[in-house]
Number of protein chains: 2
Amino acid sequence: MPKPIIAVDMDEVIADALAEHLLRYNRDFAHEPETPLTRDSLHGRWIWDAVPAHRVRDLERYMLSDDFFRVLPVMPHAQRVLERLQSRYDIFIATAAMEVPSSFTPKFLWLAEHFPFIPTTNIVFCGAKSILRADFLIDDNPRQLRLFQESSNGQLTREGILFTSPANVAVTGFRRVNDWLEVESMFLD
Amino acid sequence: MPKPIIAVDMDEVIADALAEHLLRYNRDFAHEPETPLTRDSLHGRWIWDAVPAHRVRDLERYMLSDDFFRVLPVMPHAQRVLERLQSRYDIFIATAAMEVPSSFTPKFLWLAEHFPFIPTTNIVFCGAKSILRADFLIDDNPRQLRLFQESSNGQLTREGILFTSPANVAVTGFRRVNDWLEVESMFLD
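Predicted, not measured: the structure shown is a model, and the values here were computed from it.

Student: What should I look at first to understand the overall build of chain A in this one?
Tutor: A tally of regular secondary structure across chain A gives eight helices and six strands. Going residue by residue from the N terminus, the α and β elements of chain A occur as β-α-α-α-α-α-β-α-β-β-α-β-β-α. Here the C-alpha atoms of chain A give a radius of gyration of 17 Å, agreeing with the 16 Å that 2.2 N^0.38 yields for 189 residues. Projected onto its principal axes, the C-alpha coordinates of chain A cover approximately 60 × 35 × 30 Å. Taking all 189 residues of chain A together, 54% fall into the buried category. Pairs at least 24 residues apart make up 66% of the contacts formed inside chain A by residues separated by at least 6 positions. Accessible surface for chain A amounts to roughly 8,400 Å². Of this, 54% is attributable to carbon and sulfur atoms. For chain A, the separation between the mean place of its 20 positive charges and that of its 27 negative charges on side chains is 3 Å.

Shown next as structure tokens:
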């Protein structure tokens with residue numbers, strides 16, 4: 001019997017991209033009225049919606065810099081829990097990298113550094129996560145979870161698990177995990 | 001009712017990587033005994049198995065050069081047929097790019113140039129094609145077709161279609177198409 005497959009998103013799930021955004025933004029615009037931006041101040045909003053409209057391009061510029069996706073902090077416990085999950089599940093990392101093509105190489109190198117136990121055969125750079133054949137997708141983005149759960153014949157059972165981020169705190173309709181300790185309990189207890 | 005999904009490989013299916021390999025190899029090693037290598041001389045062999053062992057690294061070096069995947073010829077009729085298929089199928093391009101990470105950007109740019117009608121949401125860079133949720137996969141690699149057809153519960157119906165290349169002429173067990181005109185007949189007649 002093959003193992004069940006869990007697909008796992010990168011940004012805001014195993015990689016703390018928001019931390020790097022906040023760090024660069026608060027450094028570059030320290031003297032503007034809405035600064036400092038904090039996780040709490042984002043409550044229910046994507047960072048794009050929390051900055052003044054003329055600053056959105058600065059957030060984009062951060063993501064297009066060569067090092068952005070290479071230096072992201074790892075989410076607490078993600079490494080240990082994913083390695084444990086591999087004993088009972090087939091783990092794939094699936095990131096919507098097509099949205100930022102310059103992220104391909106830094107994301108690949110970041111995974112090799114921090115998650116060397118994930119074979120490259122199990123890394124997916126995609127756009128719409130409807131293309132993933134997995135039993136579960138752990139993602140912070142409800143749009144991707146909905147795409148993933150869409151079924152062509154109504155018979156498949158795929159479940160999207162919402163990983164909490166400041167932007168999605170008000171989202172309902174999915175089982176929610178707040179951190180990797182909760183992922184561990186959900187899949188291994 | 002959602003459209004059926006067709007996933008389509010890149011190298012040897014829409015992109016003629018073999019042509020570029022032969023061109024570079026026959027140029028660089030014109031005076032060696034096994035040269036010129038031709039498509040016919042490969043009959044049933046991957047190019048890796050057709051060159052002397054000490055030349056395999058040269059083939060690898062070609063693929064690691066910045067321009068290799070950027071300059072590949074488009075397979076005849078692939079553009080017209082894929083664009084026609086989009087009216088009745090959801091088309092994804094799925095390439096095992098994780099095997100050659102330096103190919104990410106040239107492959108992405110090549111697709112944007114030659115297949116601008118494929119949205120970036122429908123591009124997948126992966127390793128094992130078992131991860132694809134599609135109804136069909138058109139690929140020249142029988143190993144990937146088998147991975148794709150593997151089912152976790154025996155109930156899904158997914159079909160791998162073998163796209164003829166010199167290396168796979170003796171492979172059996174899949175429906176076979178020899179070119180894009182045959183793909184057009186299979187899916188649109």
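Student: Just to check I follow, could you spell out the relation of the copies chain B and chain A for this structure?
Tutor: Each copy of the chain is related to the other by a rotation around an axis and a translation along that axis. The transformation that overlays chain B on chain A combines an axial shift of 0.0 Å with a rotation of 180°, and the residual RMSD is 0.0 Å. Seen this way, the second copy is the image of the first under a two-fold rotation axis. A shared binding surface is used by both copies, with 100% of the interface residues of chain B retained as interface residues in chain A.

Student: Honestly, the environment of D58(A) in this entry has me stumped. Any pointers?
Tutor: Within the secondary structure, D58(A) is located in helix 4 (residues 56–64). A sequence separation of 19 residues divides D58(A) from H77(A), and the C-alpha atoms of the two residues are 31 Å apart.

Student: What is the right way to read the interface of chain B and chain A from this model?
Tutor: Accessible area lost upon the coming together of the parts is a frequently used measure of interface size. Counting residues at the interface gives 26 residues for chain B, matched by 26 residues for chain A. Between chain B and chain A lies a buried interface of about 2,400 Å² when both sides are counted; carbon and sulfur atoms form 64% of it. Linking chain B to chain A there are zero salt bridges. Across the contact surface, chain B and chain A share nine residue pairs in polar contact (both at pLDDT 80 or more). Counting residues per element, the ones that place at least two in the side of chain B that touches chain A are helix 6 (104–114) and strand 3 (123–125) of chain B. Looking at side-chain class alone, the side of chain B that touches chain A contains 16 nonpolar, seven polar and three charged residues.

Student: Which parts of the structure should I look at to understand the environment of V177(B)?
Tutor: Residue and element names in this part refer to chain B. Relative to the assigned elements, V177 resides in strand 6 (residues 175–177). The exposure class of V177 is buried, given its relative accessible area of 1%. Here the alpha-carbon distance between V177 and L162, two residues 15 residues apart in the chain, equals 6.2 Å. Apart from residues lying up to four places away in sequence, V177 is in contact with I161, L162, F163, T164, E182, V183 and M186.

Thresholds, definitions, all that
- Residues numbered from 1 in each chain as written.
- Chains lettered and ligands numbered in written order.
- Predicted model: local features only at pLDDT ≥ 70, side-chain atom pairs only at ≥ 80, totals over all residues.
- Heavy atoms only, no water.
- Helix = DSSP H or I, 4+ residues; strand = E, 2+ residues; numbered from the N terminus.
- Rg over C-alpha atoms; globule rule 2.2 N^0.38 Å.
- Buried < 20%, exposed > 50% of the residue type's maximum accessible area, 1.4 Å probe, protein only.
- Contact = heavy atoms within 4.5 Å.
- Areas by Shrake-Rupley, 256 points an atom, 1.4 Å probe, with all protein chains shown as cover.
- Lys, Arg positive; Asp, Glu negative; His and termini not counted.
- Charge placed at Lys NZ, Arg CZ, Asp CG, Glu CD.
- Least-squares fit on C-alpha atoms with pLDDT ≥ 70 in both.
- Buried area = accessible area lost by both parts, 1.4 Å probe.
- Salt bridge = Lys/Arg side-chain N within 4 Å of Asp/Glu carboxyl O.
- Polar contact = N/O pair within 3.5 Å; in protein donor to acceptor, adjacent residues only side chain to side chain.
- Nonpolar A, V, L, I, M, F, W, Y, C, P; charged D, E, K, R; others polar.

Read these as layout, nothing more, since geometry by itself doesn't imply function.
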